[in-house]
Amino acid sequence: VGGGVVVEDQPDVSAVLSAYNQQGDPTLYEEYYSGLKNFIECSLDCHRAELSQLFYPLFVHMYLELVYNQHESEAKSFFERFHGDQECYYQDDLRVLSSLTKKEHMKGNETMLDFRTSKFVLRISRDSYQLLKRHLQEKQNNQIWNIVQEHLYIDIFDGMPRSKQQIDAMVGSLAGEAKREANKAKVFFGLLKEPEFDVPLDDEDEEGENEEGKPKKKKPKRDSVGSKSKKQDPNAPPQNRIPLPELKDSDKLDKVMNMKEAARRVRLGPECLPSICFYTFLNAYQGLTAVDITDDSSMIVGGFADSTVRVWSVTPKKLRSVKAAADLSLIDKESDDVLERIMDEKTASELKILYGHSGPVYGTSFSPDRNYLLSCSEDGTVRLWSLQTFTCLVGYKGHNYPVWDTQFSPYGYYFVSGGHDRVARLWATDHYQPLRIFAGHLADVTCTRFHPNSNYIATGSADRTVRLWDVLNGNCVRIFTGHKGPIHSLAFSPNGRFLATGATDGRVLLWDIGHGLMVGELKGHTDTIYALRFSRDGEILASGSMDNTVRLWDAVKAFEDLETDDFTTATGHINLPENSQDLLLGTYMTKSTPVVHLHFTRRNLLLAAGAYSSQ
């Protein structure tokens, strides 16, 4: 239906806008629109909710058509008469629209050009669609019928029409909903198998066993790392689907440490909530704009509006640089404590400041092995810093505009960045050019996250959609719509099956990646959600917001017994339970500190961070 070819790359501006030439009589636009409005408002309830989805895209296209053809007074009158009928979640778009009153305004507005070129997607049942088609053809309301065919993509499904509530849950993005086809590709959401190697027993473990000279008890075999993912996960990608770096000896040691910590991990649940430790940045030099914490919780980094990146040690162990080359040559390479000897004690301090960016730093990310740090900035670059020397190693230039977020792959080596240029880029630390460019969002890419298996990347955008991209070939494999404002946080569940997203609309939405469906909505925050994090075993989801609260949600209950029958999957008819209150386990207020980052330690203590704001 009305599904012409969508041109992907930026077409010639005048060609795009000239599509508005086939205009009708400008004085009749209000009549056309109000005629359709009366028809829809008088139709049966079951069709009314579905057909009401047409109001917004038709309103925008008819308005732009009038402006483009220089009927300025008609455009103004049309806008004033009908803009109040649009759903509240389009307020921001309408504000932009109301400022486009002349033909030349349209040429410079990328968002509006995108609106013109991408077809607005509506999902409508066959019955409602037939009703609409009959009405428009009987009325010979060709102007509206032309717009429907030219600029809308109507995804028709067989079966019951959707309710207002079902539609409201899924709409609100800049380009309507996702076509059902967009979420059909197979996604390997399972986890990769952990490499196996023996874990040496601690000395203390040994001594404990051997008091009073008793013969040693055999320790239960817990000797190979990651015993939980020994078996190949049937939903996992092939182990070598994308090349991942080899494990170094130091990585193996870290995995052993991680296991020992995990053995002491607190099992969380509704009856056992985590303690929360809050790091407040006071007098934050010109404003804190980004935070990250290492996986082992030993270091914290802040990115600031004054272009600096500041790294702190949060353990008694101070940060030290490696000695100068001349001194290194004197060290006995064979000594047991060589790693200790190469460090320069004179450089020890709790805080290191990294200078180099020339604009606010919006994203920071530690490498899993804690040797490197990434930062991205308004200056259009991503920088890679050494945590051995606390110097900048590389500046990656690709985005010519502000870069809003960056993150290392869970396996290191690869990293992702997203920015104002509306694309996300995949990089490898040893390449100057990006390896993949993920293009498709209609507005800034505001946040980027790797899937735990590193084969996929999720991006959130100011176009109010979340996309999942395949690292192997750069394809978009999921488009999630439902947020009513720009997305600012993303978190994958530890098992790789689910994604949680947070936006300026104060809602956390939950998605089943395999089925490509929204499976939950957590309501409670009253402002933008900047941070989301699952506990280590996925029992609890923590969310942090501009409303100065951290909230804890019961993730087990949120995801249990989901109905993902074939009908739901085929039609996207989701019935979201109104159960936010049952799932909310706790709300924790800060004095006056918006929460910008959350992190669960390896033992499930929750760390939160933000900058105190005095207003």
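Residues numbered from 1 in each chain as written. Predicted model: local features only at pLDDT ≥ 70, side-chain atom pairs only at ≥ 80, totals over all residues. Heavy atoms only, no water.

## Observations concerning the overall build of the protein chain
Part 1 of the reasoning: Summing up its helical and strand segments, the protein chain has 18 helices and 31 strands in all.
Part 2 of the reasoning: Long-range pairs, those at least 24 residues apart, make up 62% of the contacts in the protein chain with a sequence separation of at least 6.
Part 3 of the reasoning: Working note: accessible area of the protein chain is about 28,200 Å², and carbon and sulfur atoms make up 50% of it. (Helix = DSSP H or I, 4+ residues; strand = E, 2+ residues; numbered from the N terminus. Contact = heavy atoms within 4.5 Å. Areas by Shrake-Rupley, 256 points an atom, 1.4 Å probe, with all protein chains shown as cover.)

## Thoughts on the pairing of strand β22 (residues 487-492)
Part 1 of the reasoning: The buried fraction of β22 is high, at five of six residues.
Part 2 of the reasoning: The pairing of β22 with strand β23 (residues 498-503) spans five bridges and is classified as antiparallel. Counterpart to serine 489 in the pairing with β23 is glycine 502.
Part 3 of the reasoning: Following β22, the chain reverses through five residues before pairing antiparallel with β23; glycine 496 in that reversal takes a positive phi of roughly 80 degrees. (Buried < 20%, exposed > 50% of the residue type's maximum accessible area, 1.4 Å probe, protein only. Pairing = 2+ DSSP bridges.)

## As for the pattern of salt bridges
Part 1 of the reasoning: Considering all chains together, one arrives at 33 salt bridges under this definition.
Part 2 of the reasoning: Ionic pairing is found between aspartate 405 and arginine 449, a salt bridge with its closest N-O pair at 3.5 Å. Taken together, the positions of aspartate 405 in strand β14 (residues 403-408) and arginine 449 in strand β18 (residues 445-450) put the pair 44 residues apart, joining distant regions of the chain.
Part 3 of the reasoning: Where glutamate 521 meets lysine 523, a salt bridge forms, and the shortest distance between an N and an O atom there is 3.7 Å.
Part 4 of the reasoning: Judged by its relative accessible area of 33%, lysine 523 falls in the partly exposed class. (Salt bridge = Lys/Arg side-chain N within 4 Å of Asp/Glu carboxyl O.)

## Observations regarding the confidence of the model for the protein chain
Part 1 of the reasoning: Across the protein chain, the average pLDDT comes to 87, with 87% of residues at 70 or higher.
Part 2 of the reasoning: Within the model, the stretch residues 1-11 combines pLDDT values under 50 with 17 contacts to residues more than four positions away or in other chains.
Part 3 of the reasoning: In the predicted structure, residues 205-229 sits below a pLDDT of 50 and forms 27 contacts with residues beyond four places in sequence or in another chain. (pLDDT = per-residue confidence, 0-100.)

## So, the packing of helix α4 (residues 55-68) against helix α8 (residues 110-117)
Part 1 of the reasoning: Orientation of α4 relative to α8, taken along the N-to-C sense of each, is 110 degrees, at an axis distance of 11 Å. By the angle between their axes, α4 is roughly perpendicular relative to α8. Note that α4 runs across α8; the crossing there is left-handed. Two secondary-structure elements touch here, α4 through Tyr56, Pro57, Val60, His61 and Leu64 and α8 through Met112, Phe115 and Arg116.
Part 2 of the reasoning: For the contact of α4 with α8, the per-class residue count stands at six nonpolar, one polar and one charged. (Axes fitted to C-alpha atoms, helices over the stretch in contact; angles between N-to-C directions. Parallel < 35°, antiparallel > 145°, perpendicular 65-115°, else oblique. Left-handed = near helix turned anticlockwise from the far one by under 90°. Nonpolar A, V, L, I, M, F, W, Y, C, P; charged D, E, K, R; others polar.)

## As for unusual backbone geometry
Part 1 of the reasoning: Phi angles above zero are rare outside glycine, and tyrosine 413 is one such case at about 70 degrees.
Part 2 of the reasoning: Among the secondary structure elements, tyrosine 413 is positioned in the loop between β14 and β15 (414-419).
Part 3 of the reasoning: Despite not being glycine, asparagine 604 has its phi angle at roughly 75 degrees, a positive value.
Part 4 of the reasoning: Note on placement: asparagine 604 falls in the loop between β30 (597-600) and β31 (606-611).

## Some details on the side chain of serine 297
Part 1 of the reasoning: Here serine 297 lies in the loop between β4 (288-293) and β5 (299-304).
Part 2 of the reasoning: Using a relative accessible area of 14% as the deciding quantity, one classes serine 297 as buried.

## Observations regarding the packing of aromatic side chains
Part 1 of the reasoning: Counting across every chain of the model gives 25 aromatic pairs.
Part 2 of the reasoning: Ring centres of tyrosine 413 and tyrosine 414 lie 4.9 Å apart, and the angle between their planes is 65 degrees; on these two criteria the pair is classed as edge-to-face.
Part 3 of the reasoning: For tyrosine 414, a relative accessible area of 7% puts it in the buried group.
Part 4 of the reasoning: Among the aromatic residues, those joined into a cluster by ring pairs are Tyr33, Phe55, Phe59, Tyr63, Phe78, Phe79 and Phe82. (Phe/Tyr/Trp six-rings, centres within 6.5 Å; stacked < 30°, edge-to-face > 60°.)

## Focus on the UniProt feature "repeat: WD" (unreviewed entry) in the protein chain
Part 1 of the reasoning: Summarizing the sequence annotation, UniProt attributes the feature "repeat: WD" (unreviewed entry) to residues 281-322, 354-389, 396-427, 438-479, 480-513 and 522-554 in the numbering used throughout.
Part 2 of the reasoning: Overall, residues 480-513 shows 0% helix and 59% strand. The separation of its end C-alpha atoms is 10 Å. (UniProt positions renumbered as here; feature names shortened; annotations may be inferred.)

## As for the nonpolar core
Part 1 of the reasoning: Counting residues in hydrophobic clusters, the biggest one holds 47 residues, and the most contacted among them are Leu54, Leu58, Phe59, Met62, Phe78, Leu97 and Val148.
Part 2 of the reasoning: Of the residues forming this core, the biggest block, 11 residues, is contributed by α4.
Part 3 of the reasoning: Residues contacting valine 148, with those up to four places away along its chain left out, are Leu54, Leu58, Leu136 and Ile154.
Part 4 of the reasoning: The next biggest cluster of nonpolar side chains, apart from the first, holds 23 residues, and it includes Val187, Ala458, Leu468 and Leu576. (Core = buried A, V, L, I, M, F, W, Y, C linked by side-chain atoms within 4.5 Å.)

## Observations regarding α4
Part 1 of the reasoning: Between the first and last C-alpha of α4 there are 20 Å, a value that for 14 residues agrees with the 20 Å anticipated at 1.5 Å per step.
Part 2 of the reasoning: With 14 of its 14 residues buried, α4 lies for the most part within the structure.
Part 3 of the reasoning: Just beyond α4, the residue with positive phi is glutamine 70, at close to 65 degrees. (Expected span 1.5 Å × (residues − 1).)

## Examining the packing of α4 against helix α10 (residues 142-151)
Part 1 of the reasoning: Where α4 contacts α10, the axes come no closer than 11 Å and their chain directions differ by 105 degrees. Accordingly, the angle class assigned to the pair α4 and α10 is roughly perpendicular. Across the interface between the two elements, Leu58, His61, Met62 and Glu65 from α4 touch Gln143, Ile144, Ile147, Val148 and His151 from α10.
Part 2 of the reasoning: A per-class count over the contact of α4 with α10 returns five nonpolar, three polar and one charged.

## Regarding the sheet that holds β31
Part 1 of the reasoning: Spatially, β3-β31-β30 is the arrangement adopted by the three strands of the open sheet, whose pairing is mixed. At either margin of the open sheet sits one strand with a lone partner, and together these are β3 (276-281) and β30. Strand after strand, the sheet turns through a mean of 20 degrees between neighbouring axes, direction not considered.
Part 2 of the reasoning: Two elements, β30 and β31, share four bridges in a ladder whose sense is antiparallel. Looking at the pairing, phenylalanine 600 lines up with leucine 606 of β31.

## Here we look at the sheet that holds strand β10 (residues 361-366)
Part 1 of the reasoning: As summarised here, the arrangement of the four strands in space is β10-β11-β12-β13, forming an open sheet in which the pairing is antiparallel. This sheet does not close on itself; its edge strands, each paired only once, are β10 and β13 (391-397). Looking at each pair of strands side by side, their axes are set apart by 20 degrees on average, direction ignored.
Part 2 of the reasoning: Pairing geometry for strand β11 (residues 372-377) and strand β12 (residues 381-386), over five bridges, is antiparallel. Among the inter-strand pairings, leucine 373 is bridged to a residue of β12, identified as tryptophan 385.

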